[in-house]
Amino acid sequence: MTSPSRQRRDRGGLESEVLAILAGTPGSLTPGEVAQRLASPLAYTTVMTVLSRLHDKGAVSRVRTGRAYAYSYQRDEAARRAAQMRDLLGEGQDRARVLAQFVGELSEQDEALLQRLLRESGGT
């Protein structure tokens, strides 16, 4: 039986609390920094698991800081999707092949848009 001081949070509630902490922070936070800001204490590994799941969902982005990651809230849908695409591309062993396959499957309109965006960003 769970004691009143160790009541379980549901996963959605904890994810919401972590997202609120990150959304209220202008920069990135490590799991330890997130854990310090939670309303009630949690194990570091639990916070890491929640952050990892949020990253997999595209709700947060992460950057390597030493041996760990620092996480930040993805403020809009486009940023979340871009982070997911970047992370997926980073997981592959043959980036050129993955990108070639991706470009090969674009519609003509999307290919033209991608070319225009690359020109505007100085990418070509």
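Rules and cut-offs
- Residues numbered from 1 in each chain as written.
- Predicted model: local features only at pLDDT ≥ 70, side-chain atom pairs only at ≥ 80, totals over all residues.
- Heavy atoms only, no water.
- Helix = DSSP H or I, 4+ residues; strand = E, 2+ residues; numbered from the N terminus.
- Buried < 20%, exposed > 50% of the residue type's maximum accessible area, 1.4 Å probe, protein only.
- Contact = heavy atoms within 4.5 Å.
- Areas by Shrake-Rupley, 256 points an atom, 1.4 Å probe, with all protein chains shown as cover.
- Core = buried A, V, L, I, M, F, W, Y, C linked by side-chain atoms within 4.5 Å.
- Axes fitted to C-alpha atoms, helices over the stretch in contact; angles between N-to-C directions.
- Parallel < 35°, antiparallel > 145°, perpendicular 65-115°, else oblique.
- Nonpolar A, V, L, I, M, F, W, Y, C, P; charged D, E, K, R; others polar.
- Phe/Tyr/Trp six-rings, centres within 6.5 Å; stacked < 30°, edge-to-face > 60°.
- Lys NZ or Arg CZ within 6 Å of the ring centre and 35° of its normal.
- Salt bridge = Lys/Arg side-chain N within 4 Å of Asp/Glu carboxyl O.

Chemist: What is the right way to look at the overall build of the protein in this model?
Modeler: Secondary structure assignment for the protein yields six helices and two strands. For the protein, the residues scored as buried account for 23% of the 124 residues in total. The long-range share in the protein, meaning contacts at least 24 apart out of those at least 6 apart in sequence, stands at 44%. Carbon together with sulfur atoms contributes 52% to the accessible area of the protein, which is approximately 9,000 Å² in total.

Chemist: Could you clarify how one ought to interpret the nonpolar core in this entry?
Modeler: Across soluble globular proteins, nonpolar side chains have a tendency to be buried as a group. Counting 15 residues, the largest nonpolar core has Val18, Leu22, Val34, Leu38, Val47, Leu51 and Leu54 as the members making the most contacts within it. Listed by contribution, the elements that provide at least two residues to this core are α1 (11-23), α2 (31-37) and α3 (44-57).

Chemist: I would appreciate a short explanation of the packing of helix α4 (residues 77-91) against helix α5 (residues 95-104) in the present structure.
Modeler: Each pair of packed helices can be described by the angle between their axes along with the distance between the axes. Look at α4 against α5: their axes get within 8 Å of each other, and the N-to-C directions meet at 135 degrees. The angle between the axes of α4 and α5 places the two elements in the oblique class. Contact residues: Met85, Leu89 and Gly90 in α4; Arg95, Val98, Leu99 and Phe102 in α5. Tallied by class, the residues present in the contact of α4 with α5 amount to five nonpolar, one polar and one charged.

Chemist: Hey, could you run me through the environment of leucine 14 in this one?
Modeler: Positionally, leucine 14 belongs in helix α1. On the basis of relative accessible area, leucine 14 is assigned to the buried category, the value being 8%. Separated by 36 residues in sequence, leucine 14 and valine 50 have C-alpha atoms that sit 7.8 Å apart.

Chemist: In this structure, what is going on with the side chain of serine 61? I would like to understand it.
Modeler: Mapped onto the fold, serine 61 is located in strand β1 (residues 60-65). Beyond its immediate sequence surroundings of up to four residues, serine 61 is in contact with His55, Ala70, Tyr71, Ser72, Gln74 and Ala83.

Chemist: Quick question: what am I supposed to make of the packing of aromatic side chains here?
Modeler: Two numbers describe a pair of aromatic rings. These are the distance of the centres and the angle of the planes. All told, the structure shown has one aromatic pair when counted by the stated rule. The residue whose ring lies beneath arginine 62 is tyrosine 69, and the NZ or CZ to ring-centre distance is 4.1 Å. Stacked on the ring of tyrosine 69, the Lys or Arg arginine 64 has its end atom at 4.4 Å from the ring centre.

Chemist: It is not clear to me how the pattern of salt bridges should be interpreted in this structure. Could you clarify?
Modeler: Note that side chains of opposite charge can pair when their charged atoms are close. Tallied over the full model, the rule gives two salt bridges. Salt-bridge contacts for lysine 57 lead to glutamate 15; the nearest nitrogen and oxygen are separated by 2.8 Å. With lysine 57 in helix α3 and glutamate 15 in helix α1, the pair connects residues that are 42 residues apart, well separated along the chain. The closest approach of N and O atoms between glutamate 120 and arginine 116, which form a salt bridge, is 2.8 Å. With glutamate 120 and arginine 116 both in helix α6 (residues 108-120) and four residues apart, the pair spans about one turn of that helix.

Treat this as a map of the structure, not an account of what it does.
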